[in-house]
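Below are the chains, spelled out letter by letter.
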Amino acid sequence: MRLPSAPTLTVAAGLAAMALAFFSNAGAENQPVSEPSAKRLSTAIFAGGCFWCVEADFDKVEGVFDTVSGYTGGELANPTYEQVSKENTGHYEAVKVTYDPDVVSYETLVDFFFRHVDPTDPYGQFCDKGDSYRTAVFVATADERAIAEAEIAEIEESEILKDPVVTPVLQASTFWPAEGYHQNYYKKNPLKYRYYRASCGRDGRVKDLWGNSASDH
C-alpha cells in the first residue's frame, strides 16, 4: 500500500480539524444558554381606598416595577368585586406593589402610601365609604411591621394631622387579583378615571391633610 504524501496528510489534518470545530460549535448552539440571574424584587401590599387610584399613585414611584389591584384580608376565596363591595367578606381593596429594593426602600413606600391617603378616616376613603375602602398596611415580616408602626408613630408625634391615625398594620394574607378590567384602569379609561378621581375629592383632601409634604413624596 502506498503511503500518503506529506501534503496529503496536511490537507487531511486540516479537514479533520474543520469538521471537529463544526460539530463542536453545533453542539454548543444546542446547549441551553444560562440566563442571567433574575433581579431581586420584593412586594408590598397597601389598602388605600379605590385601588385604581392607589395603583396609579404607586406607578409613579421610581423603583416600582409592577402594581396589581386586588382583594385581601378576608376569608372568602376568589372574591369578586361585586362580593367585596356589597357583601361582608372582610376584604379590602388593595394593591400589590412589586419593587426593586435597591432603588426604593420599603420605608419609602410606606411613607409615600400614608401621604397619599387619609389615614384618619375609619369608614373608608374620600367619597368611597365601607369596609372594603378602609386603609391598611399588610406586612409579611417583622421588619415590615416595625417600619410601618414606626411610620405611624412618627406621624402622630409630628402632629401634622388633626386626628389620630386609624390605619391598622395587619398580617398579610392571600392576595386575590381583581378582575382584568380593574387592572391599569387609569390607563385604559383615562377620561373616566380622571373624572372619578376629581369628583371623589381624593387629591383635594390629601392636600388639605398633608399640605406640601404630600407633593414632596
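Residues numbered from 1 in each chain as written. Predicted model: local features only at pLDDT ≥ 70, side-chain atom pairs only at ≥ 80, totals over all residues. Heavy atoms only, no water.

## Let's talk about the overall build of the protein chain
Across its full length, the protein chain carries nine helices and eight strands. Evaluated residue by residue, the protein chain yields a buried proportion of 41% over its 217 residues. Here the analysis covers contacts within the protein chain between residues at least 6 apart in sequence; of these, 76% occur between residues at least 24 apart. Surface accessibility of the protein chain: about 12600 Å² in total, with carbon and sulfur atoms responsible for 56%. (Helix = DSSP H or I, 4+ residues; strand = E, 2+ residues; numbered from the N terminus. Buried < 20%, exposed > 50% of the residue type's maximum accessible area, 1.4 Å probe, protein only. Contact = heavy atoms within 4.5 Å. Areas by Shrake-Rupley, 256 points an atom, 1.4 Å probe, with all protein chains shown as cover.)

## A few points about the side chain of Glu-55
Structurally, the position occupied by Glu-55 is in helix 2 (residues 51-58). Side-chain polar atoms of Glu-55 contact the backbone nitrogen of Asn-184, separated by 3.0 Å. Sequence-distant contacts of Glu-55, that is, excluding residues within four places in its chain, are made with Thr-67, Ser-69, Val-95, His-182, Gln-183, Asn-184 and Tyr-186. (Polar contact = N/O pair within 3.5 Å; in protein donor to acceptor, adjacent residues only side chain to side chain.)

## Topic: unusual backbone geometry
We note that Asn-78 has phi near 50°; this positive angle belongs to a residue other than glycine. Among the residues examined, Asn-78 registers a relative accessible area of 55% and is labelled exposed.

## With respect to the confidence of the model for the protein chain
Overall, the predicted model of the protein chain reaches an average pLDDT of 87, with 81% of residues at or above 70. Across residues 1-37 the pLDDT falls below 50, and counting only partners more than four positions away or on other chains, this stretch makes one contact in the model. (pLDDT = per-residue confidence, 0-100.)

## With respect to the state of the cysteines
Such a bond, covalent and formed between the sulfur atoms of two cysteines, is termed a disulfide. One pass over the structure, following the stated rule, counts one disulfide. What pairs with Cys-127 in a disulfide is Cys-200, and their sulfur atoms sit 2.0 Å apart. Across the S-S bond of Cys-127 and Cys-200 the torsion is about -105°, and the bridge reads as left-handed. Pair noted here: Cys-127 is in the loop between strand 4 (124-125) and strand 5 (128-129) and Cys-200 is in helix 7 (residues 190-200), with a separation of 73 residues, a long-range link. (Disulfide = S-S within 2.5 Å.)

## Points about the sheet that holds strand 7 (residues 169-171)
Read from one edge of the open sheet, six strands run 7-6-1-3-2-8, paired in mixed fashion. Strands with a single pairing partner mark the edges of an open sheet, and in this sheet they are strand 7 and strand 8 (176-177). Bridge count between strand 1 (residues 42-48) and strand 6 (residues 135-139): four bridges; the pairing is antiparallel. Residue pairing in the sheet places Phe-46 in a bridge with Val-137 of strand 6. Strands in contact with helix 2 are strand 1, strand 2 (64-72) and strand 3 (92-99); relative to strand 2, the strand with the most contacts, it is inclined by about 165°. (Pairing = 2+ DSSP bridges. Axes fitted to C-alpha atoms, helices over the stretch in contact; angles between N-to-C directions.)

## A word on the packing of helix 4 (residues 106-114) against helix 5 (residues 142-158)
Close contact between helix 4 and helix 5 brings their axes to 10 Å; oriented N to C, the two are set at 45°. Considered as vectors, helix 4 and helix 5 are oriented oblique to each other. Relative to helix 5, helix 4 is oriented so that their crossing is right-handed. Contacts between helix 4 and helix 5 involve Tyr-106, Glu-107, Val-110, Asp-111 and Phe-114 from the first element and Glu-144, Ile-147, Ala-148, Glu-151, Ile-152 and Ile-155 from the second. A per-class count over the contact of helix 4 with helix 5 returns seven nonpolar, no polar and four charged. (Parallel < 35°, antiparallel > 145°, perpendicular 65-115°, else oblique. Left-handed = near helix turned anticlockwise from the far one by under 90°. Nonpolar A, V, L, I, M, F, W, Y, C, P; charged D, E, K, R; others polar.)

## Structural notes on helix 2
Burial analysis of helix 2 places eight of its eight residues in the buried class, which makes it a mostly covered element. Buried within helix 2 we find Phe-51, Trp-52, Cys-53, Val-54, Glu-55, Ala-56, Asp-57 and Phe-58.

## So, the nonpolar core
Phe-46, Phe-58, Tyr-106, Leu-109, Phe-114 and Val-137 are the most contacted members of the largest nonpolar core, which has 42 residues in total. In this structure, Ala-47, Ala-136, Phe-138 and Phe-175 belong to the second largest nonpolar core, which totals seven residues. (Core = buried A, V, L, I, M, F, W, Y, C linked by side-chain atoms within 4.5 Å.)

## As for helix 5
The end-to-end C-alpha distance of helix 5, which contains 17 residues, comes to 24 Å, matching closely the 24 Å that a straight helix rising 1.5 Å per residue would cover. Buried within helix 5 we find Glu-144, Ala-148, Glu-151, Ile-152 and Ile-155. Looking straight down helix 5, one finds its buried side chains confined to an arc of 95°; they lie on one side. In helix 5, the exposed residues that point more than 90 degrees away from the buried face are Ala-142, Asp-143 and Glu-157. (Expected span 1.5 Å × (residues − 1). Arc of directions from axis to C-beta.)

## Observations concerning the side chain of Asp-118
Relative to the helices and strands, Asp-118 resides in the loop between helix 4 and strand 4. Among the polar contacts made by the side chain of Asp-118, one reaches the side chain of Thr-120 at a distance of 2.5 Å.

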